[in-house]
There are 2 protein chains.
Amino acid sequence: MGPRILRIGLPVMEKNDRLAARNRGLFEKSGLYAVNIIGSPGTGKTSLLEAMARVLGKSLVVIEGDVQTRRDAERIEKAGCTAFQIETGGACHLDAGMVSKAAAGLGLEGRGFEVLAIENVGNLICPSSYDLGEHTKLGILSVTEGDDKVLKYPSIFSRIGILVTSKIDLLPHVGFDIGRVEAECRSLNPDVLCFRTSATTGEGVGDLCRHILSERKRVLRA
Amino acid sequence: MGPRILRIGLPVMEKNDRLAARNRGLFEKSGLYAVNIIGSPGTGKTSLLEAMARVLGKSLVVIEGDVQTRRDAERIEKAGCTAFQIETGGACHLDAGMVSKAAAGLGLEGRGFEVLAIENVGNLICPSSYDLGEHTKLGILSVTEGDDKVLKYPSIFSRIGILVTSKIDLLPHVGFDIGRVEAECRSLNPDVLCFRTSATTGEGVGDLCRHILSERKRVLRA
């Protein structure tokens with residue numbers, strides 16, 4: 001087998017960005033505000049979505065990205081929402097093409113959906129530079145991961161519109177300074193909005209959903 | 001700027017594997033057993049190394065891989081061990097070339113080191129296919145990340161020699177079935193050895209270090 005040659009850089013990103021813009025147009029035409037959710041494996045992305053499903057009900061639709069298994073989509077369906085699973089089969093992030101196919105598979109128009117959550121592959125690095133057609137990126141960091149992560153993974157934390165600190169019910173059992181995390185995130189990214197949530201108790205999830213719904217109104221009105 | 005062209009696939013991996021084999025020879029010549037530590041951001045890789053430093057003392061030497069910051073190497077040095085920080089500047093995994101340069105920077109020979117721990121970039125996906133010259137890969141998963149991760153990230157969990165379930169002091173506060181995780185890992189990987197640790201209490205860390213030292217004897221004798 002000879003060397004495989006892959007052209008990367010501008011052409012790949014241009015193609016991705018073109019598809020992402022098309023996705024965004026499609027989402028808006030369908031009345032959807034789209035959120036790209038990025039965090040480590042096990043940071044609580046799917047649990048946050050389950051908690052959001054309890055607030056948003058059937059107006060929430062979810063595209064799940066995983067390297068392998070349909071486990072996350074099954075959890076979302078169990079929580080009462082429509083979900084589509086992308087299995088990347090090795091790829092460490094979603095791209096706009098995968099999301100475009102998932103959106104076609106779901107059929108988004110005329111179904112009363114208002115918020116599209118795209119749960120990216122569990123990874124704090126590779127997903128950060130791929131626009132999927134979202135309106136905002138939501139970065140999630142749990143209090144069990146340590147409060148030193150923002151400056152260690154600046155590529156993602158400088159690009160997010162929303163920072164969610166998750167699993168705050170575990171705060172009494174770990175050393176974690178939320179103020180430090182939020183301040184370091186604002187130092188990279190002055191416009192970030194910060195929420196503190198527990199999927200277990202539901203704390204903070206209502207505020208987060210209200211913010212997303214008000215951003216939806218703002219974007220769709222524009 | 002025109003398209004950048006990067007040849008990937010065989011040539012890159014061949015070059016990596018050649019360098020990795022050279023690293024491994026150098027490590028053995030220096031009396032070192034090398035462990036490549038792979039886990040998500042915040043899973044407790046550096047905390048495990050701090051706990052191992054309390055057992056192994058100055059016989060432990062550490063190469064730290066991070067996208068950005070020297071924070072982890074500083075923690076290891078504070079724990080009394082020699083450490084070298086690689087900042088990948090964006091790359092989502094270490095490769096054998098980076099480790100080769102770090103090893104040259106450290107100067108491993110004749111310094112009484114016995115165990116080289118290479119802490120990979122926090123990422124459960126991309127590091128799995130790169131041989132760095134280690135003798136074994138150690139995969140680490142904390143009890144706060146959820147017990148569904150093994151089959152979601154099979155590329156890494158099928159390649160590790162050691163599975164560490166970390167933060168077991170937090171077990172009373174989370175739902176996590178260690179038996180399920182270990183069984184799913186063995187289903188991919190029958191020879192994996194499983195340890196359960198708490199860097200906070202030190203539980204399990206002595207057993208892990210004893211296993212690594214006995215593997216060192218076996219490898220260096222061969």
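What counts as what
Residues numbered from 1 in each chain as written. Chains lettered and ligands numbered in written order. Predicted model: local features only at pLDDT ≥ 70, side-chain atom pairs only at ≥ 80, totals over all residues. Heavy atoms only, no water. Helix = DSSP H or I, 4+ residues; strand = E, 2+ residues; numbered from the N terminus. Rg over C-alpha atoms; globule rule 2.2 N^0.38 Å. Buried < 20%, exposed > 50% of the residue type's maximum accessible area, 1.4 Å probe, protein only. Contact = heavy atoms within 4.5 Å. Areas by Shrake-Rupley, 256 points an atom, 1.4 Å probe, with all protein chains shown as cover. Lys, Arg positive; Asp, Glu negative; His and termini not counted. Charge placed at Lys NZ, Arg CZ, Asp CG, Glu CD. Core = buried A, V, L, I, M, F, W, Y, C linked by side-chain atoms within 4.5 Å. Pairing = 2+ DSSP bridges. Axes fitted to C-alpha atoms, helices over the stretch in contact; angles between N-to-C directions. Parallel < 35°, antiparallel > 145°, perpendicular 65-115°, else oblique. Nonpolar A, V, L, I, M, F, W, Y, C, P; charged D, E, K, R; others polar. Salt bridge = Lys/Arg side-chain N within 4 Å of Asp/Glu carboxyl O. Disulfide = S-S within 2.5 Å. Polar contact = N/O pair within 3.5 Å; in protein donor to acceptor, adjacent residues only side chain to side chain. Expected span 1.5 Å × (residues − 1).

### Considerations on the overall build of chain A
Along its length, chain A carries eight helices and eight strands. What you see for chain A is a C-alpha radius of gyration of 17 Å, in line with the 17 Å of a compact globule of 222 residues. Dimensions of chain A, computed from C-alpha atoms along their principal axes, come out at roughly 50 × 45 × 35 Å. Relative to its full complement of 222 residues, chain A shows a buried share of 59%. Long-range contacts, defined here as pairs at least 24 residues apart, represent 73% of the contacts in chain A between residues at least 6 apart. Within the structure as shown, chain A displays about 8900 Å² of accessible surface, and the carbon and sulfur contribution to it stands at 51%. Side-chain charges in chain A split into 29 positive and 27 negative, and the spacing between the mean points of these groups amounts to 4 Å.

### Some details on the nonpolar core
Core analysis: the largest hydrophobic core is formed by 80 residues, its most contacted members being A:Phe157 and B:Phe157. Once residues lying within four places of it in the same chain are set aside, the contact partners of B:Phe157 are B:Leu124, B:Lys149, B:Val150, B:Leu163, B:Cys185, B:Leu188 and B:Asn189.

### Focus: the sheet that holds strand β6 (residues 136-142) of chain A
Residues and elements named next belong to chain A. Judged by pairing direction, the sheet is parallel, and its seven strands sit side by side in the order β4-β3-β5-β2-β6-β7-β8 without closing on themselves. Sheet topology places β4 (82-87) and β8 (193-196) at the edges, where each strand pairs with a single neighbour. Along the sheet, successive strands turn relative to each other by an average axial angle of 20 degrees, direction set aside. Here four bridges tie strand β2 (residues 33-38) to β6, and the two strands are oriented parallel to one another. Paired with Ile-38 across the bridge in β6 is Gly-139. Its contacts with the sheet put helix α3 (residues 71-78) on β3 (60-66), β4 and β5 (115-119), and the angle it makes with β4 is roughly 180 degrees. Together, β2, β5, β6, β7 (162-166) and β8 form the strand contacts of helix α8 (residues 205-221), whose direction differs from that of β2 by roughly 135 degrees.

### A closer look at the packing of helix α2 (residues 45-56) of chain B against helix α8 (residues 205-221) of chain B
All names here are of chain B. At a closest axis distance of 9 Å, the pairing of α2 and α8 adopts a crossing angle of 70 degrees. In terms of orientation, α2 and α8 fall into the roughly perpendicular class. Counting all contacts with α2, which are made through Leu-48, Ala-51, Met-52, Val-55 and Leu-56, the residues of α8 involved are Val-205, Gly-206, Leu-208, Cys-209, Ile-212 and Leu-213. Classifying every residue of the contact of α2 with α8 gives ten nonpolar, one polar and no charged.

### Observations regarding the pattern of salt bridges
One pass over the structure, following the stated rule, counts 30 salt bridges over all chains. For A:Arg70, the salt bridge is made with A:Glu74, and the minimal N-O distance between the two is 4.0 Å. Here the salt bridges share partners, and the residues they tie into one network are A:Asp66, A:Asp72, B:Asp148, B:Lys149 and B:Lys152.

### Focus on the state of the cysteines
Residues and elements named next belong to chain A. A full pass over the atoms with the stated rule returns zero disulfides over all chains. Looking at Cys-185, it has no disulfide partner, and the nearest cysteine sulfur is the one in Cys-194, 5.9 Å off. The exposure class of Cys-185 is buried, given its relative accessible area of 0%. Free cysteine Cys-209: the closest other cysteine sulfur is in Cys-81, separated by 10 Å.

### A word on the environment of B:Asp147
Residues and elements named next belong to chain B. Within the fold, Asp-147 resides in the loop between β6 (136-142) and α5 (149-152). Owing to a relative accessible area of 15%, Asp-147 belongs among the buried residues under this scheme. Spatially, the C-alpha atom of Asp-147 lies 9.5 Å from that of Glu-182, the residues being 35 residues apart in sequence. Every residue in contact with Asp-147, bar those within four places of it in the chain, is listed here: Phe-176, Asp-177, Arg-180, Val-181 and Glu-184. A polar side-chain atom of Asp-147 sits 3.0 Å from a polar atom in the side chain of Arg-180.

### Concerning unusual backbone geometry
Backbone geometry places A:Thr69, a non-glycine residue, at a positive phi of 85 degrees. Structurally, A:Thr69 can be placed in the loop between β3 and α3.

### Description of the pairing of strand β2 (residues 33-38) of chain B
The side chains of a regular strand alternate, first on one face of the sheet and then on the other. Residue and element names in this part refer to chain B. Within β2, six of the six residues are buried, leaving the element largely enclosed by the surrounding structure. Here β2 shows a buried face lined by Tyr-33, Val-35 and Ile-37 and a second buried face lined by Ala-34, Asn-36 and Ile-38. Relative to strand β5 (residues 115-119), β2 runs parallel, the two sharing five bridges. Across the sheet, the residue bridging to Asn-36 is Ile-118, located in β5.

### Notes on α2(B)
All names here are of chain B. Along its twelve residues, α2 runs 16 Å from first to last C-alpha, staying within 8% of the 16 Å computed at 1.5 Å per residue. All buried positions along α2 are accounted for by Lys-45, Thr-46, Leu-48, Leu-49, Glu-50, Ala-51, Met-52, Ala-53 and Leu-56. Looking at the residues trailing α2, positive phi occurs at Gly-57, about 60 degrees.

### Focus on the sheet that holds β5(B)
Residues and elements named next belong to chain B. Across the sheet, which stays open at both edges, the seven strands sit in the order β4-β3-β5-β2-β6-β7-β8 with parallel pairing between neighbours. Strands with a single pairing partner mark the edges of an open sheet, and in this sheet they are β4 (82-87) and β8 (193-196). Across the sheet, the mean angle from the axis of one strand to that of its neighbour is 20 degrees, orientation sign disregarded. Direction of pairing for strand β3 (residues 60-66) relative to β5: parallel, over a ladder of five bridges. Counted as the bridge partner of Glu-64 is Glu-119 from β5.

Fair warning: the whole summary comes from geometry, so function is off the table for now.
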